[in-house]
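Working through the structure, step by step
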Amino acid sequence: MLEPGSNISEPAFSDERERAWLALLLGWVAGFADAFGYLVLNEIFTSHISGNSVAVGAEAGRRNWDIAGQHAWPILFFIFGFFVGVVLETICARLHVRRRLGVVLVLEMILLVVFFFFGWTWEHSPGIAPNVSPHFYFLVALLAGAMGVQSAGLRHVRGQSVHTPYVTGMLTHAVEDAVKVLFKVYDRLRHRVADFPFEEFKRIRFFAGVWFSFTVGAVCGGIGESHWSFYALFAPLAVLLAIIVCDLAQPIHNEN
């Protein structure tokens, strides 16, 4: 039985806030990784699939097949990573594994660790150039796969679709809610409605926060690459490890 004065909605509120903070942290990780990959992998995005798709079309139209292939490569492995992540999360759900988010993020960590090891090993080798050896394509596959896996780990927050490795959708959601707020404020001023758009304001703050976290992560990735090269990857790895440890201590409810 509930004690007098207890709040039956408190657990749901806690889960919602927990996932919101998780999305912000994963957005930072994705921004860091994408910017780092852009700087060390011939300006190839490993999570910005829309940009790569445009580059594939543009370069193919100019018959620059090598460059088109470089941009097509991460698309394939991002999709594959997302597929594997969803399959893994679904298997864990069917087996009633409560810590399935941590399981998915462990796979992402493994891919990033392998990326760090081989990237650090080949850092001063000419073989990392895309037109010299398969090293470049191997590293792109690892990082794009890691971003795809992360995208599968957390897909819904507050009833909205969320994909932390790419944030165009976050901005469009924020603008959509901003329009709703404008019309509700207008109607309120005209005494047409009595409620105030608190929920819309919360969503705007959240979606804008994910975009901001991704952007800050990209800035950190640029700074880290310029000062510490591949050792800078210890920062996003530490964030992922902290999330996994928290999931082990208390399973993070996944709304997928």
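Use the structure listed above.
1. Things to note about the packing of helix H4 (residues 100–122) against helix H5 (residues 135–153)
- Look at H4 against H5: their axes get within 9 Å of each other, and the N-to-C directions meet at 160°. Regarding the angle of H4 to H5, the classification is roughly antiparallel. Note on packing geometry: the crossing formed by H4 with H5 is left-handed. On the side of H4, the interface is formed by Leu101, Val104, Leu107, Glu108, Leu111, Leu112, Val114, Phe115, Phe118, Gly119 and Trp122, while H5 contributes His135, Phe138, Leu139, Leu142, Leu143, Gly145, Ala146, Met147, Val149, Gln150 and Gly153.

2. With respect to the nonpolar core
- Counting residues in each nonpolar core, the largest one holds 51 residues, and the members touching the most others are Leu41 and Phe115.
- Sorting the residues of this core by element identifies helix H1 (10–40), helix H3 (65–94), H4, H5, helix H6 (168–189), helix H7 (198–228) and helix H8 (234–249) as the ones contributing at least two each.

3. Let's talk about the pattern of salt bridges
- Taken as a whole and assessed by the stated rule, the structure comprises five salt bridges.
- Where Arg203 meets Asp177, a salt bridge forms, and the shortest distance between an N and an O atom there is 3.0 Å. A residue pair is termed long-range when its members are at least 10 positions apart, and Arg203 in helix H7 and Asp177 in helix H6 qualify at 26 residues.
- On the basis of relative accessibility, which here comes to 16%, the residue Arg203 falls in the buried class.
- In this structure Asp177 comes out as buried when scored by relative accessible area, which is 3%.
- One salt bridge in this structure joins Glu200 and Arg203, with 3.9 Å as the shortest N-O distance.

4. Some details on unusual backbone geometry
- For Asn42, which is not a glycine, the phi torsion comes out positive at approximately 60°.
- Structurally, Asn42 is set in the loop between H1 and helix H2 (49–61).
- For Asn42, a relative accessible area of 41% translates into the label partly exposed.
- In this model, Arg63 sits at a positive phi of 65°, which is unusual for a non-glycine residue.

5. Some remarks on the packing of aromatic side chains
- Applying the stated criterion across every chain, the model contains 17 aromatic pairs.
- With 6.4 Å between their ring centres and 75° between their planes, Phe36 and Phe115 make a pair best called edge-to-face. Remark: Phe115 occurs in helix H4 and Phe36 occurs in helix H1; sequence separation between them is 79 residues. Here the two residues Phe36 and Phe115 agree in accessibility, since each one is buried.
- Relative to Tyr137, the ring of Trp73 lies with its centre 5.7 Å away and its plane at 85°, an arrangement referred to as edge-to-face. Taken together, the positions of Trp73 in helix H3 and Tyr137 in helix H5 put the pair 64 residues apart, joining distant regions of the chain.

Cut-off values and rules
- Residues numbered from 1 in each chain as written.
- Predicted model: local features only at pLDDT ≥ 70, side-chain atom pairs only at ≥ 80, totals over all residues.
- Heavy atoms only, no water.
- Axes fitted to C-alpha atoms, helices over the stretch in contact; angles between N-to-C directions.
- Helix = DSSP H or I, 4+ residues; strand = E, 2+ residues; numbered from the N terminus.
- Parallel < 35°, antiparallel > 145°, perpendicular 65-115°, else oblique.
- Left-handed = near helix turned anticlockwise from the far one by under 90°.
- Contact = heavy atoms within 4.5 Å.
- Core = buried A, V, L, I, M, F, W, Y, C linked by side-chain atoms within 4.5 Å.
- Buried < 20%, exposed > 50% of the residue type's maximum accessible area, 1.4 Å probe, protein only.
- Salt bridge = Lys/Arg side-chain N within 4 Å of Asp/Glu carboxyl O.
- Phe/Tyr/Trp six-rings, centres within 6.5 Å; stacked < 30°, edge-to-face > 60°.

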